[in-house]
Amino acid sequence: MNQDRKIETMSDFFDNRADIYDDHMINELDLNVFYDEIADCIPKNRTNIKLLDLGCGTGLELERIFRIYPFAEVTGVDLSSKMLDILKSKYEDKMSQLKLICKSYFDIDYGKSIYDVVLSTYSLHHFGKELKLSLYRKIYCSLKKDGIYIEGDYTVKTTDEENRFIEESEHIRKAGGITDGIYHIDIPFAVETQVNLLRQAGFINVQIKKQWDKTTIFVCEKN
Ligand SMILES: C[S@@+](CC[C@H](N)C(=O)[O-])C[C@H]1O[C@@H](n2cnc3c(N)ncnc32)[C@H](O)[C@@H]1O
(Lines give C-alpha, C1' and ligand atoms only; values in the text may rest on other atoms or scores of the structure.)
Protein backbone atom coordinates (compact mmCIF):
# COMPACT_ATOMS: atom_id res chain seq x y z
CA MET A 1 0.00 0.00 0.00
CA ASN A 2 1.30 3.45 -0.96
CA GLN A 3 2.86 5.48 1.89
CA ASP A 4 2.71 8.75 -0.09
CA ARG A 5 -0.42 10.04 1.67
CA LYS A 6 -1.73 11.33 4.98
CA ILE A 7 -0.63 9.03 7.79
CA GLU A 8 -3.54 7.46 9.64
CA THR A 9 -3.69 5.59 12.91
CA MET A 10 -3.88 1.84 12.35
CA SER A 11 -7.49 1.62 13.54
CA ASP A 12 -8.62 4.56 11.36
CA PHE A 13 -6.81 3.12 8.33
CA PHE A 14 -8.58 -0.23 8.54
CA ASP A 15 -11.91 1.13 9.84
CA ASN A 16 -12.03 3.37 6.76
CA ARG A 17 -11.29 0.51 4.36
CA ALA A 18 -13.07 -2.41 6.05
CA ASP A 19 -15.95 -2.44 3.53
CA ILE A 20 -13.65 -2.92 0.54
CA TYR A 21 -10.96 -4.98 2.30
CA ASP A 22 -11.95 -8.54 1.28
CA ASP A 23 -12.53 -7.52 -2.33
CA HIS A 24 -9.11 -5.79 -2.41
CA MET A 25 -7.26 -8.80 -1.00
CA ILE A 26 -9.05 -11.55 -2.92
CA ASN A 27 -10.03 -9.98 -6.25
CA GLU A 28 -7.48 -7.18 -6.75
CA LEU A 29 -4.42 -8.79 -5.12
CA ASP A 30 -5.51 -12.35 -5.95
CA LEU A 31 -4.42 -13.77 -2.59
CA ASN A 32 -6.43 -17.01 -2.55
CA VAL A 33 -3.21 -18.99 -3.07
CA PHE A 34 -1.62 -17.26 -0.07
CA TYR A 35 -4.53 -18.23 2.21
CA ASP A 36 -4.46 -21.80 0.80
CA GLU A 37 -0.77 -22.02 1.75
CA ILE A 38 -1.50 -20.69 5.25
CA ALA A 39 -4.16 -23.37 5.75
CA ASP A 40 -1.68 -25.93 4.48
CA CYS A 41 0.66 -25.06 7.40
CA ILE A 42 -1.97 -25.92 10.00
CA PRO A 43 -1.18 -29.29 11.67
CA LYS A 44 -3.82 -31.81 10.59
CA ASN A 45 -3.23 -34.52 13.18
CA ARG A 46 -5.17 -33.06 16.13
CA THR A 47 -8.75 -33.62 17.20
CA ASN A 48 -9.28 -29.89 17.56
CA ILE A 49 -7.13 -26.76 17.88
CA LYS A 50 -6.97 -23.62 19.95
CA LEU A 51 -5.78 -20.80 17.75
CA LEU A 52 -4.73 -17.21 18.46
CA ASP A 53 -5.00 -14.92 15.41
CA LEU A 54 -3.06 -11.66 15.79
CA GLY A 55 -4.44 -8.91 13.54
CA CYS A 56 -7.30 -11.15 12.40
CA GLY A 57 -9.06 -8.35 10.49
CA THR A 58 -12.10 -9.69 8.65
CA GLY A 59 -10.88 -13.26 9.18
CA LEU A 60 -9.89 -14.13 5.59
CA GLU A 61 -7.38 -16.68 6.92
CA LEU A 62 -10.00 -18.39 9.11
CA GLU A 63 -12.32 -19.62 6.37
CA ARG A 64 -10.04 -22.48 5.30
CA ILE A 65 -9.00 -23.26 8.87
CA PHE A 66 -12.64 -23.77 9.87
CA ARG A 67 -12.92 -26.20 6.95
CA ILE A 68 -10.11 -28.28 8.49
CA TYR A 69 -11.22 -27.85 12.11
CA PRO A 70 -14.93 -26.88 12.14
CA PHE A 71 -14.83 -26.64 15.94
CA ALA A 72 -11.53 -24.72 16.25
CA GLU A 73 -11.52 -22.38 19.25
CA VAL A 74 -10.27 -19.07 17.95
CA THR A 75 -9.16 -15.94 19.77
CA GLY A 76 -8.90 -13.07 17.30
CA VAL A 77 -7.22 -9.78 18.19
CA ASP A 78 -7.58 -6.63 16.12
CA LEU A 79 -7.51 -2.87 16.67
CA SER A 80 -10.17 -2.13 14.06
CA SER A 81 -13.74 -2.56 15.28
CA LYS A 82 -15.06 -2.27 11.70
CA MET A 83 -12.85 -5.15 10.50
CA LEU A 84 -14.06 -7.22 13.46
CA ASP A 85 -17.71 -6.37 12.67
CA ILE A 86 -17.24 -7.86 9.20
CA LEU A 87 -15.56 -10.93 10.68
CA LYS A 88 -18.57 -11.39 13.00
CA SER A 89 -21.03 -11.11 10.12
CA LYS A 90 -19.08 -13.72 8.13
CA TYR A 91 -18.80 -16.25 10.96
CA GLU A 92 -22.17 -15.85 12.71
CA ASP A 93 -22.45 -19.64 13.06
CA LYS A 94 -19.06 -19.82 14.81
CA MET A 95 -19.61 -17.18 17.47
CA SER A 96 -19.64 -19.73 20.31
CA GLN A 97 -16.07 -20.72 19.28
CA LEU A 98 -14.83 -17.19 18.64
CA LYS A 99 -13.45 -14.77 21.19
CA LEU A 100 -12.78 -11.37 19.63
CA ILE A 101 -10.63 -8.75 21.35
CA CYS A 102 -10.64 -5.21 19.97
CA LYS A 103 -7.26 -4.10 21.31
CA SER A 104 -3.63 -3.90 20.29
CA TYR A 105 -1.89 -7.27 20.43
CA PHE A 106 0.99 -5.49 22.18
CA ASP A 107 -1.29 -4.62 25.10
CA ILE A 108 -2.78 -7.96 26.05
CA ASP A 109 -1.54 -11.02 27.88
CA TYR A 110 -1.68 -14.26 25.86
CA GLY A 111 -1.14 -16.63 28.81
CA LYS A 112 1.20 -19.64 29.01
CA SER A 113 1.02 -22.92 27.05
CA ILE A 114 -2.53 -22.27 25.81
CA TYR A 115 -2.50 -22.45 22.01
CA ASP A 116 -1.84 -25.16 19.41
CA VAL A 117 -1.39 -22.48 16.75
CA VAL A 118 -0.64 -18.78 16.81
CA LEU A 119 -1.17 -17.13 13.44
CA SER A 120 -0.57 -13.68 12.00
CA THR A 121 -1.14 -12.69 8.37
CA TYR A 122 -0.27 -9.34 6.80
CA SER A 123 -0.26 -7.49 10.11
CA LEU A 124 3.21 -7.34 11.67
CA HIS A 125 5.04 -5.48 8.89
CA HIS A 126 4.18 -2.18 10.57
CA PHE A 127 6.41 -2.59 13.59
CA GLY A 128 10.07 -2.22 14.52
CA LYS A 129 12.48 -4.90 15.71
CA GLU A 130 12.13 -4.43 19.48
CA LEU A 131 8.34 -4.50 19.42
CA LYS A 132 8.33 -7.55 17.17
CA LEU A 133 10.81 -9.40 19.36
CA SER A 134 8.73 -8.71 22.48
CA LEU A 135 5.67 -10.02 20.63
CA TYR A 136 7.47 -13.16 19.44
CA ARG A 137 8.50 -13.88 23.03
CA LYS A 138 4.87 -13.63 24.16
CA ILE A 139 3.81 -15.89 21.28
CA TYR A 140 6.48 -18.48 22.16
CA CYS A 141 5.32 -18.54 25.77
CA SER A 142 1.63 -18.84 24.83
CA LEU A 143 2.17 -21.95 22.68
CA LYS A 144 1.75 -25.50 23.93
CA LYS A 145 4.85 -27.75 23.83
CA ASP A 146 3.98 -29.00 20.33
CA GLY A 147 2.51 -25.70 19.22
CA ILE A 148 3.46 -23.76 16.10
CA TYR A 149 3.59 -20.13 15.10
CA ILE A 150 2.70 -19.26 11.51
CA GLU A 151 3.42 -15.83 10.08
CA GLY A 152 2.68 -14.77 6.51
CA ASP A 153 3.65 -11.21 5.74
CA TYR A 154 5.32 -8.74 3.42
CA THR A 155 9.09 -9.10 3.27
CA VAL A 156 11.88 -7.45 1.29
CA LYS A 157 14.86 -9.03 -0.42
CA THR A 158 17.76 -7.34 1.37
CA THR A 159 18.62 -5.63 4.65
CA ASP A 160 19.51 -2.49 2.61
CA GLU A 161 15.93 -2.33 1.40
CA GLU A 162 14.72 -2.98 4.94
CA ASN A 163 16.90 -0.12 6.25
CA ARG A 164 15.41 2.22 3.68
CA PHE A 165 11.91 1.39 4.97
CA ILE A 166 13.07 1.91 8.57
CA GLU A 167 14.60 5.31 7.68
CA GLU A 168 11.50 6.32 5.75
CA SER A 169 9.22 5.35 8.64
CA GLU A 170 11.36 7.43 11.03
CA HIS A 171 11.17 10.34 8.61
CA ILE A 172 7.38 10.02 8.31
CA ARG A 173 6.99 9.93 12.10
CA LYS A 174 9.25 12.93 12.59
CA ALA A 175 7.57 14.96 9.83
CA GLY A 176 4.16 14.15 11.31
CA GLY A 177 5.28 14.95 14.89
CA ILE A 178 4.38 11.38 15.89
CA THR A 179 6.10 10.33 19.11
CA ASP A 180 4.09 7.27 20.01
CA GLY A 181 0.94 5.39 19.01
CA ILE A 182 0.19 2.83 16.34
CA TYR A 183 0.17 4.22 12.81
CA HIS A 184 -0.19 2.58 9.44
CA ILE A 185 3.38 2.80 8.18
CA ASP A 186 4.95 -0.14 6.33
CA ILE A 187 8.28 -1.57 7.54
CA PRO A 188 8.68 -4.97 5.85
CA PHE A 189 11.79 -6.80 7.01
CA ALA A 190 14.26 -8.96 5.14
CA VAL A 191 13.70 -12.70 5.57
CA GLU A 192 17.02 -13.07 7.43
CA THR A 193 15.99 -10.38 9.97
CA GLN A 194 12.72 -12.18 10.56
CA VAL A 195 14.46 -15.53 11.06
CA ASN A 196 16.95 -13.97 13.51
CA LEU A 197 14.19 -12.35 15.57
CA LEU A 198 12.17 -15.56 15.70
CA ARG A 199 15.24 -17.53 16.80
CA GLN A 200 16.05 -14.90 19.45
CA ALA A 201 12.53 -15.33 20.81
CA GLY A 202 13.25 -19.04 21.39
CA PHE A 203 11.99 -20.79 18.25
CA ILE A 204 14.60 -23.39 17.36
CA ASN A 205 13.05 -24.63 14.14
CA VAL A 206 12.15 -21.70 11.88
CA GLN A 207 11.16 -22.76 8.37
CA ILE A 208 10.42 -20.72 5.30
CA LYS A 209 7.36 -22.52 4.05
CA LYS A 210 6.76 -20.41 0.96
CA GLN A 211 8.26 -17.32 -0.58
CA TRP A 212 6.91 -15.02 -3.27
CA ASP A 213 8.35 -11.76 -4.56
CA LYS A 214 7.10 -9.62 -1.66
CA THR A 215 5.64 -12.12 0.82
CA THR A 216 7.03 -14.95 2.94
CA ILE A 217 5.36 -17.58 5.10
CA PHE A 218 7.34 -18.63 8.20
CA VAL A 219 6.47 -21.70 10.24
CA CYS A 220 8.08 -21.90 13.69
CA GLU A 221 7.95 -24.91 15.96
CA LYS A 222 8.19 -24.36 19.69
CA ASN A 223 10.20 -27.52 20.21
C1 LIG B 1 -3.79 -6.11 6.29
S2 LIG B 1 -4.86 -6.50 7.62
C3 LIG B 1 -4.74 -8.28 7.72
C4 LIG B 1 -6.00 -8.91 8.24
C5 LIG B 1 -6.04 -10.42 8.13
N6 LIG B 1 -5.06 -11.02 8.98
C7 LIG B 1 -5.86 -10.86 6.68
O8 LIG B 1 -4.87 -11.53 6.34
O9 LIG B 1 -6.71 -10.50 5.85
C10 LIG B 1 -3.94 -6.02 9.06
C11 LIG B 1 -4.80 -6.08 10.32
O12 LIG B 1 -3.93 -5.98 11.46
C13 LIG B 1 -4.56 -5.16 12.41
N14 LIG B 1 -3.53 -4.62 13.32
C15 LIG B 1 -2.43 -3.90 12.99
N16 LIG B 1 -1.71 -3.61 14.09
C17 LIG B 1 -2.36 -4.16 15.14
C18 LIG B 1 -2.12 -4.21 16.54
N19 LIG B 1 -1.05 -3.63 17.08
N20 LIG B 1 -2.99 -4.88 17.32
C21 LIG B 1 -4.10 -5.48 16.78
N22 LIG B 1 -4.38 -5.46 15.45
C23 LIG B 1 -3.53 -4.80 14.64
C24 LIG B 1 -5.28 -4.10 11.58
O25 LIG B 1 -6.29 -3.43 12.30
C26 LIG B 1 -5.78 -4.92 10.41
O27 LIG B 1 -7.08 -5.40 10.61
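Small disclaimer: the values here were computed from a predicted structure and weren't measured. Along each chain, residues carry numbers from 1 onward, in the same order as the chain's sequence is written. In keeping with the predicted nature of the model, local features appear solely for residues at pLDDT of at least 70, side-chain atom pairs appear and are counted solely at 80 or more, and the whole-chain, interface and lining totals rest on all residues.

## Observations regarding helix α2 (residues 32-41)
Basically, it comes down to this: A residue is called partly exposed when the number of other C-beta atoms within 10 Å of its own lies between 12 and 20, exposed at 12 or fewer, and buried at 20 or more, with C-beta atoms placed from the backbone. A run of H or I in DSSP counts as a helix once it spans at least four residues, and a run of E counts as a strand once it spans at least two, with each numbered from the N terminus. Starting at the helix axis, one direction is taken to each C-beta atom, and the arc is that of these directions. Note that contacts rest on C-beta atoms placed from the backbone: two residues are in contact if these are within 7 Å.
Burial in α2 covers these residues: Phe 34, Ile 38 and Cys 41. Within α2, the buried residues cover an arc of 60° as seen down the axis, which keeps them to one side. Residues of α2 that are exposed and point over 90 degrees away from its buried face: Val 33 and Asp 36. Check the buried side of α2 and you find it contacts β4 (115-121), β5 (143-156), β7 (205-211) and β8 (215-221).

## With respect to the nonpolar core
Quick note on the threshold: One nonpolar core equals one set of buried Ala, Val, Leu, Ile, Met, Phe, Trp, Tyr and Cys residues connected by C-beta atoms within 7 Å.
By size, the foremost hydrophobic cluster in this structure holds 42 residues, and its most contacted members are Leu 51, Val 117, Val 118, Tyr 149, Ile 150, Val 219 and Cys 220. In contact with Val 118, not counting residues within four places along its chain, are Leu 52, Leu 54, Ile 139, Ser 142, Leu 143 and Tyr 149.

## As for the packing of helix α5 (residues 129-142) against helix α7 (residues 191-200)
Using the following cut-off: Axis definition: a line fit to C-alpha positions, over the contact stretch in the case of helices; interaxial angles, taken between N-to-C directions, run 0 to 180 degrees. Note that the term roughly parallel is reserved for angles under 35 degrees, roughly antiparallel for angles over 145, roughly perpendicular for angles of 65 to 115, and oblique for everything else. Left-handed describes a crossing in which the near helix is turned anticlockwise from the far one by less than a right angle; the clockwise case is right-handed. Each residue gets one label: Ala, Val, Leu, Ile, Met, Phe, Trp, Tyr, Cys and Pro are nonpolar, Asp, Glu, Lys and Arg are charged, and the others, such as Gly, are polar.
One can describe the packing of α5 onto α7 by two numbers: an axis separation of 8 Å at closest approach and a directional angle of 45°. Between α5 and α7, the angle falls in the class oblique. The two elements α5 and α7 cross, and the hand of that crossing is right-handed. Facing α5, whose interface residues are Lys 129, Lys 132, Leu 133 and Tyr 136, α7 presents Leu 197, Leu 198 and Gln 200. In terms of residue class, the contact of α5 with α7 is made up of four nonpolar, one polar and two charged.

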